[in-house]
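Fold and geometry: a report
Here is how the chains run, residue by residue.
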Amino acid sequence: MTSPIDLLRRQVSDLHQELVRYDLVVWTAGNVSGRVPGEDLFVIKPSGVPYDELTPDTMILCDLDGKVVEGDHAPSSDTAAHAYVYRNMPEVGGVVHTHSTYACAWAARGEAVPCVLTAMADEFGAEIPVGPFALIGDDSIGRGIVETLRGHRSPAVLMKSHGVFTIGRDAKAAVKAAVMCEDVARTVHISRQLGQPLPIAQDDIDSLNHRYRNVYGQQRAAR
């Protein structure tokens, strides 16, 4: 029987190809991680390895301090940030980082993406906020992610002058948030070239977000 860790290695490896598919990354930038269910462990990509060379076997197993437990490569340079999120947000099962073009343009300006589209109200339930500038290498980025997203509806944050970090109940949900973040960042940017985007009333944002979370899609039947 395949172990939960092996299953997660495959899922995280496969999800990295979604970042490429949706043009969210270039070269070796960006990363996906997933928490091992029921364990103080997570799986993340290796540092500096091209996407077409990623396989389940190249994924790195780390503890929640970011130390390598199993793997033949050095883990992502963002490992400390991911670890900090997992330690401080136990509800999070997946973390993603991208340098997607339009979202990074907002991050470079240090400007939140306003909630002016129903798709944003659905997925994010609010603006996509900006987190503080932080250097790579320790848990400073992780602290900024947690400080910004704790208590916020949005699963995405634009770290100032850096890029996108997203969270989710699992790695797939975090990848979806990264895809949607870039999509709305692009659309709102284009809208602003044509004029001032029109705000959506907070009550309508609340209603749209509630419907998306509780009605949209194939809901599990009550047991």
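In this report, the structure presented in the accompanying data block is examined. Bear in mind that the values here come from a model prediction, so they are computed numbers and not experimental data. (Residues numbered from 1 in each chain as written. Predicted model: local features only at pLDDT ≥ 70, side-chain atom pairs only at ≥ 80, totals over all residues. Heavy atoms only, no water.)

1. Here we look at the packing of helix α1 (residues 4-21) against helix α6 (residues 171-194)
Where α1 contacts α6, the axes come no closer than 10 Å and their chain directions differ by 10°. Looking at the two axes, α1 sits roughly parallel to α6. Where α1 approaches α6, its residues Q11, L15, E18 and L19 are matched on the opposing element by A171, K172 and V175. Class assignment of the residues belonging to the contact of α1 with α6 gives a composition of four nonpolar, one polar and two charged. (Axes fitted to C-alpha atoms, helices over the stretch in contact; angles between N-to-C directions. Helix = DSSP H or I, 4+ residues; strand = E, 2+ residues; numbered from the N terminus. Parallel < 35°, antiparallel > 145°, perpendicular 65-115°, else oblique. Contact = heavy atoms within 4.5 Å. Nonpolar A, V, L, I, M, F, W, Y, C, P; charged D, E, K, R; others polar.)

2. Regarding the packing of helix α2 (residues 79-88) against helix α5 (residues 140-149)
At their nearest, the axes of α2 and α5 sit 7 Å apart, and the two run at 40° to each other. Taken as axis vectors, α2 and α5 run oblique relative to one another. Judged by the twist between their axes, the crossing of α2 over α5 is right-handed. When α2 is examined against α5, the residues A81, Y84, V85 and N88 are found in contact with a partner set consisting of I141, G142, R143, I145 and V146. Of the residues that constitute the contact of α2 with α5, the class distribution is six nonpolar, two polar and one charged. (Left-handed = near helix turned anticlockwise from the far one by under 90°.)

3. Some remarks on α1
The first and last C-alpha atoms of α1 sit 26 Å apart over 18 residues, in line with the 26 Å expected at 1.5 Å per residue. Check the buried side of α1 and you find it contacts β1 (31-35), β2 (41-44), β3 (60-63), β4 (68-70), β5 (94-98) and α6. The positive-phi residue at the C-terminal boundary of α1 is D23, with phi of around 55°. (Expected span 1.5 Å × (residues − 1).)

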